[in-house]
Amino acid sequence: MSTTLAPETVAGFRTAWRDLAPVGRATTGGYQRLAWTHDDLTLREWFAAQAVARGLDLVEDRAGNQWAWWGDPDADGPGVVTGSHLDSVPGGGAFDGPLGVVSALAAVDELRARGVRPSRPLGVACFTEEEGGRFGVACAGSRLLTGVLGPDRALGLRDTGGTTLADALRAAGRDPSTLGPDPQALARVGSFVELHVEQGRALVHSGDPVGVGRAIWPHGRWRVDLHGRGDHAGTTPLADRVDPMLALAALVQEVRAAALEAGALATVGKVVVEPNGVNAIPSLVRAWLDVRADDEHRVRQVLDRLRGYAPVEESWTGPTVLDADLSDTVAAALGDAGLTPPHLSTGAGHDAGILAAAGVPTTMLFVRNPTGVSHDPAEDADEADCLIGVGALTAALTRLVGD
Ligand code: GLV
Ligand code: MN
Ligand code: MN
Ligand code: MN
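What you see is a predicted model; the values in this text were computed from it and never measured.

**Remarks on the domain arrangement of the chain**
Domains assigned within the chain are domain 1 (7–217 + 319–401) and domain 2 (219–316). Taking only C-alpha atoms, the centre of domain 1 and the centre of domain 2 are 32 Å apart. Here the residues of the side of domain 1 that touches domain 2 are counted per class, giving four nonpolar, five polar and no charged.

**Focus: the site of ligand 1**
Residues in contact with ligand 1, as listed here, are Glu131, Ala138, Ala348 and Gly349. Residues of the shell around ligand 1, tallied by class, amount to two nonpolar, one polar and one charged.

**Some details on the UniProt feature "binding site: allantoate" (unreviewed entry) in the chain**
Feature annotation in UniProt assigns "binding site: allantoate" (unreviewed entry) to the following positions: Arg221, Asn279 and Arg292. A maximum C-alpha distance of 36.2 Å among these annotated residues, which run over 72 residues, shows that they spread across the structure rather than meeting at one spot. If you trace the backbone, arginine 221 turns up in strand β7 (residues 219–227). What arginine 221 contacts, discounting residues up to four positions off in sequence, is Ala138, Trp288, Leu289, Asp290, Glu314 and Ser315. Within the fold, arginine 292 resides in strand β11 (residues 284–292). Leave out the neighbours within four places in its chain, and arginine 292 touches Trp217, Pro218, His219, Ala264, Leu265, Val299 and Gly347.

**Topic: the sheet that holds strand β9 (residues 265–274)**
Pairing is antiparallel in the open sheet, where four strands are placed in the order β9-β11-β7-β12. With one partner strand each, in any of the chains shown, β9 and β12 (312–317) form the two edges of the open sheet. Across this sheet, the average inter-strand angle for adjacent strands is 15 degrees, counted without regard to direction. Sheet topology note: the β9/β11 ladder contains nine bridges and is antiparallel.

**Brief notes about the packing of helix α4 (residues 98–113) against helix α14 (residues 383–401)**
Put simply, α4 and α14 touch, their axes get as near as 9 Å, and they point 60 degrees apart. Relative to α14, α4 is oriented oblique. By crossing handedness, the relation of α4 to α14 is classed as right-handed. Between α4 and α14, the contacting residues are Leu99, Ser103, Ala104, Ala106, Ala107, Glu110 and Leu111 on the first element and Cys386, Gly389, Val390, Leu393, Thr394, Leu397 and Thr398 on the second.

**Re the pairing of strand β3 (residues 79–85)**
With seven of its seven residues buried, β3 lies for the most part within the structure. In the sheet, β3 pairs with strand β5 (residues 189–197) via four bridges, with the strands oriented parallel. Residue pairing in the sheet places glycine 79 in a bridge with valine 189 of β5. Direction of pairing for β3 relative to strand β4 (residues 122–127): parallel, over a ladder of six bridges. Note that in β4 the partner of valine 81 across the bridge is glycine 123.

Conventions we followed
- Residues numbered from 1 in each chain as written.
- Chains lettered and ligands numbered in written order.
- Predicted model: local features only at pLDDT ≥ 70, side-chain atom pairs only at ≥ 80, totals over all residues.
- Domains from an automatic or database assignment.
- Nonpolar A, V, L, I, M, F, W, Y, C, P; charged D, E, K, R; others polar.
- Near = placed C-beta within 6 Å.
- UniProt positions renumbered as here; feature names shortened; annotations may be inferred.
- Helix = DSSP H or I, 4+ residues; strand = E, 2+ residues; numbered from the N terminus.
- Contact = placed C-beta atoms within 7 Å.
- Pairing = 2+ DSSP bridges.
- Axes fitted to C-alpha atoms, helices over the stretch in contact; angles between N-to-C directions.
- Parallel < 35°, antiparallel > 145°, perpendicular 65-115°, else oblique.
- Left-handed = near helix turned anticlockwise from the far one by under 90°.
- Buried ≥ 20, exposed ≤ 12 C-beta atoms within 10 Å, placed from the backbone.

Written as structure tokens, this is what we have:
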């Protein structure tokens, strides 16, 4: 076997990127594809159309995730699932998420072009709000699916404009009362392989187009509310102010110092200021903190040092060791296809981590990113590497479902 693809697979892959390129394009040159917005609904329709065009059975689970099944996972399952997400962070790149979905559909095309008849059902998944770019909780769709995020909490989550998830679902034509865990949808997933653009430069350094995932770092998000006293910028003496911007500046410095001390990564990447007027002392600054490390203890060390700020946990993903047998099987299939994929651990979060925590044997494939940059328009992948990625995924799936 090799990673060379049939011409119709390559043509389909290119058409998919052409279809997706204009959706949610931000003025910065990146993408603004936030859950349940108009652009997200366009992406969902696109995914549904891709499923229908391939004769796959489209299912939307109770958490809002989309599945396209080749074969019947209820009768003949559980199946093998591949896929990723189509939402982006605010101003994100083109590949984080979509590469896994487009590659999954292309792998189905390639399996068909090669005449493979799966002996088990094969599913393509498209998870909802993986980034938490709108409602804050990372991997919200897979957390809802598996039940680690309950519907009561989820429905009350608000975006920065104050819209709740419940209202966003209603506006998107969904019934919020049906939102919740979906054990039946989860039970269809016998194993999961998520292909993803690499979000660092390990593959650039090793000189490999693809790698196989081994672990996902623990990762948490916290909200910190810094209260002040709103007042006039021109009439309030400095000594009389309670200015939460000063507290924010101190927090950012403290976060960095704590991360350096603990050997962790910590970021304050989002703030909301009220009332956000140039001539008003803020009454409130709300800051979000993202902390990760190769072990949980380091993350906890950062949080311990910040306890005085009363951080409120928004989401937590424990350390994830991807399934060793599945990863070995996938690596062996790639080896047969002429690749020598290195093993990678990642500090980025993925639905794969949530499924793994729910007991689904899970692994990941990474495609080289020449810039190493992600969550930014500079995120990149060469088409030649992406096509090798499709070939690698096809080889893996052939091993897992092939006749
Ligand atoms: C999502 O990609 C994350 O790692 O936060
Ligand atoms: Mn991401
Ligand atoms: Mn992603
Ligand atoms: Mn992610």
